[in-house]
Amino acid sequence: MKKKLMALWMVAALSAGLLTGCADATATAKGSGSDTIKLGQLEDTSGEFSLVGVQKAHAAELAVEELNANGGVLGKKIELISLDCQSDNTVYQDMAKKLILEDEVAAIMGCYSSASREAIRPIIEENNALLFYNNQYEGGVASHNVFCTGDVPEHQIVPLTEAMTEEFGGKAYIIAADYNFGQISADWFKKTIEEDGGEVVGEEFIPLETSQFSSTIANIVAAKPDYLVTLLVGSAQSSFYEQWNKSGIEGLPMASTVNVAQGYEHLRFDPPALANMYVTASYVEELDNDVSNAFKEKWHEKYPDEPYIGMEAEAEYTGIMIWAKAVEQAKTTEVEEVIKALESGISYDGPSGLVTIDGATHHAVRDILLLKCDESHNISVEDTFEQVKPDWLSATMGLDISKDAPNKQFTPLDGNE
């Protein structure tokens with residue numbers, strides 16, 4: 001009888017210990033060990049999108065190095081776990097699960113393409129993880145667990161279309177990458193062009209692997225637009241500009257939200273391939289001010305072989321700094337507490353100027369530059385739009401994500417319903 005009672009007591013004690021251990025594990029903040037905080041990164045350092053992915057990986061390394069040199073976050077060093085997703089959406093899904101379930105990171109900085117973001121967004125939401133999408137994109141993501149620090153149509157397409165229509169006329173021809181970024185961005189351009197009294201005289205969606213554009217160039221010439229909208233991405237599609245240059249066509253203005261500021265085509269291709277191209281973007285390396293210049297100096301000292309710092313690299317760097325400030329404000333890495341801090345309006349004054357998270361939309365208020373590439377591929381700032389609000393989700397769709405997140409992506413077509 002005594003042996004039986006002793007056995008029962010030991011089982012009870014062991015069970016209590018296990019329960020206490022589980023409670024302690026639950027109480028431990030997400031991604032936070034005894035002396036480190038784990039931060040995940042999913043980018044494309046190989047494959048189709050590596051031109052930008054390498055920059056974003058470097059930006060994360062630089063940001064984490066700076067934070068750790070200044071005492072880390074909450075007095076703990078940040079451990080960056082950066083994985084190459086090889087421009088493959090299936091790899092993105094596998095690596096997202098690894099970071100969340102195995103590495104138990106506090107947050108993920110991730111994705112270049114919208115397709116990769118949408119591939120992992122359900123995984124992020126199902127596991128109540130935290131994703132920073134630090135990239136220019138087509139807008140519309142309304143998720144409790146996702147914060148977008150890059151440029152969206154309110155930042156880029158609206159002021160760019162207005163400027164092009166006023167300067168050159170309202171007839172536009174659109175060529176775009178054939179996936180959700182290009183398709184939804186083209187819808188945004190069509191909507192904005194028509195609202196400005198213009199018309200789209202031609203539209204083509206180009207598969208990502210396409211590298212020959214003779215028929216597209218012939219179609220553009222035949223349509224006689226006032227300007228050309230280019231929404232091409234990746235290494236294959238960028239060959240359009242060299243072919244455009246060799247076609248003998250001169251003088252047709254181009255409008256873009258991705259070129260120059262992302263893939264630095266103005267440096268990669270011989271002039272005048274990008275002559276008369278206008279771009280709206282939050283950052284380019286040519287931006288000349290004290291904070292930007294200090295950022296560039298640190299960057300090129302650490303990465304002397306890096307040819308350019310684009311807007312996505314700046315967004316990744318800034319996104320990490322905003323996350324760190326939110327964790328400090330929340331005093332924990334617990335996802336819900338960090339989200340509350342972000343929704344309160346965390347700001348960071350960095351290389352591109354003041355960037356503030358808008359709690360109602362989970363997007364960033366930013367300064368936007370109107371840039372021009374001339375015949376020699378010099379970049380000039382034609383205008384600056386200060387502190388542009390990404391308010392389409394709140395103003396048109398009537399959403400406040402901080403109160404009720406539908407966890408879906410909306411498009412301009414939703415706004416017409």
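Use the structure listed above.
Criteria and thresholds
- Residues numbered from 1 in each chain as written.
- Predicted model: local features only at pLDDT ≥ 70, side-chain atom pairs only at ≥ 80, totals over all residues.
- Heavy atoms only, no water.
- Helix = DSSP H or I, 4+ residues; strand = E, 2+ residues; numbered from the N terminus.
- Rg over C-alpha atoms; globule rule 2.2 N^0.38 Å.
- Buried < 20%, exposed > 50% of the residue type's maximum accessible area, 1.4 Å probe, protein only.
- Areas by Shrake-Rupley, 256 points an atom, 1.4 Å probe, with all protein chains shown as cover.
- Lys, Arg positive; Asp, Glu negative; His and termini not counted.
- Charge placed at Lys NZ, Arg CZ, Asp CG, Glu CD.
- Pairing = 2+ DSSP bridges.
- Core = buried A, V, L, I, M, F, W, Y, C linked by side-chain atoms within 4.5 Å.
- Contact = heavy atoms within 4.5 Å.
- Axes fitted to C-alpha atoms, helices over the stretch in contact; angles between N-to-C directions.
- Parallel < 35°, antiparallel > 145°, perpendicular 65-115°, else oblique.
- Left-handed = near helix turned anticlockwise from the far one by under 90°.
- Nonpolar A, V, L, I, M, F, W, Y, C, P; charged D, E, K, R; others polar.
- Phe/Tyr/Trp six-rings, centres within 6.5 Å; stacked < 30°, edge-to-face > 60°.

Caption draft 1: Expanded view of the overall build of the protein. Along its length, the protein carries 15 helices and 16 strands. Here the protein has a C-alpha radius of gyration of 23 Å; the compact-globule value for 417 residues is 22 Å, and the two agree. Viewed in the frame of its principal axes, the protein has a C-alpha envelope of about 100 × 50 × 35 Å. Here the protein holds 417 residues, and 56% of them are scored as buried. A total accessible area of about 17,000 Å² is found for the protein, and carbon and sulfur atoms account for 50% of it. If you average the places of the 29 positive and of the 67 negative side-chain charges in the protein, the two averages end up 11 Å apart.

Caption draft 2: Representation of the pairing of strand S12 (residues 347-350) in the model. Going residue by residue along S12, you find Tyr348 and Gly350 tucked away on one face and Ser347 and Asp349 left uncovered on the opposite face. Here four bridges tie S12 to strand S13 (residues 353-358), and the two strands are oriented antiparallel to one another. By the bridge assignment, Gly350 is partnered in S13 with Gly353. Linking S12 to S13, which pair antiparallel, is a turn of two residues.

Caption draft 3: Highlighting the nonpolar core. One finds Leu130, Leu228, Phe240, Tyr241, Trp323 and Leu342 to be the most contacted residues of the largest nonpolar core, which totals 71 residues. When residues of this core are assigned to their parent elements, the largest contribution, eleven residues, is made by helix H12 (residues 311-330). Excluding its chain neighbours within four sequence positions, the residues that come into contact with Trp323 are Ile37, Leu39, Ile78, Ala106, Ala107, Met109, Leu130, Phe132 and Val338. In terms of nonpolar packing, the next biggest core, distinct from the first, is built from 31 residues, Ala142, Val233, Ala255 and Ile401 among them.

Caption draft 4: Structural context of the environment of Cys111. Along the polypeptide, Cys111 turns up in the loop between strand S3 (107-110) and helix H4 (114-126). Using a relative accessible area of 0% as the deciding quantity, one classes Cys111 as buried. A sequence separation of 222 residues divides Cys111 from Thr333, and the C-alpha atoms of the two residues are 21 Å apart. Not counting chain neighbours up to four residues away, the residues in contact with Cys111 comprise Leu42, Glu43, Lys56, Tyr92, Ser116, Arg117, Ile120, Tyr133 and Asn135.

Caption draft 5: Quick peek at the packing of helix H5 (residues 157-168) against helix H6 (residues 180-195). Running from N to C, H5 and H6 point in directions that differ by 50 degrees, and their axes come no closer than 10 Å. Considering their axes alone, H5 and H6 lie oblique with respect to each other. Remark: the crossing between H5 and H6 carries right-handed chirality. The residues of H6 that touch H5, namely those facing Ile157, Val158, Leu160 and Thr161, are Ser185, Trp188, Phe189, Thr192 and Ile193. Broken down by class, the residue content of the contact of H5 with H6 amounts to six nonpolar, three polar and no charged.

Caption draft 6: Up close: the packing of aromatic side chains. Within the structure shown, the criterion is met by 15 aromatic pairs. Between the aromatic rings of Phe49 and Tyr112, the centroid separation amounts to 4.9 Å while the plane-to-plane angle is 45 degrees, which identifies the pairing as tilted. Here Phe49 is found in the loop between strand S1 (36-43) and helix H2 (50-69), whereas its partner Tyr112 is found in the loop between S3 and H4, with 63 residues between them in sequence. Taken as a pair, Phe49 and Tyr112 share a single burial class, namely buried. Ring plane angle 80 degrees and centroid distance 5.4 Å describe the contact between Tyr133 and Tyr137, whose orientation is recorded as edge-to-face. With a relative accessible area of 0%, Tyr133 lands in the buried category. The exposure class of Tyr137 is buried, given its relative accessible area of 1%. Put simply, the rings of Tyr283, Phe295, Trp299, Tyr303, Tyr317 and Tyr348 touch in pairs and so form one group of aromatic residues.

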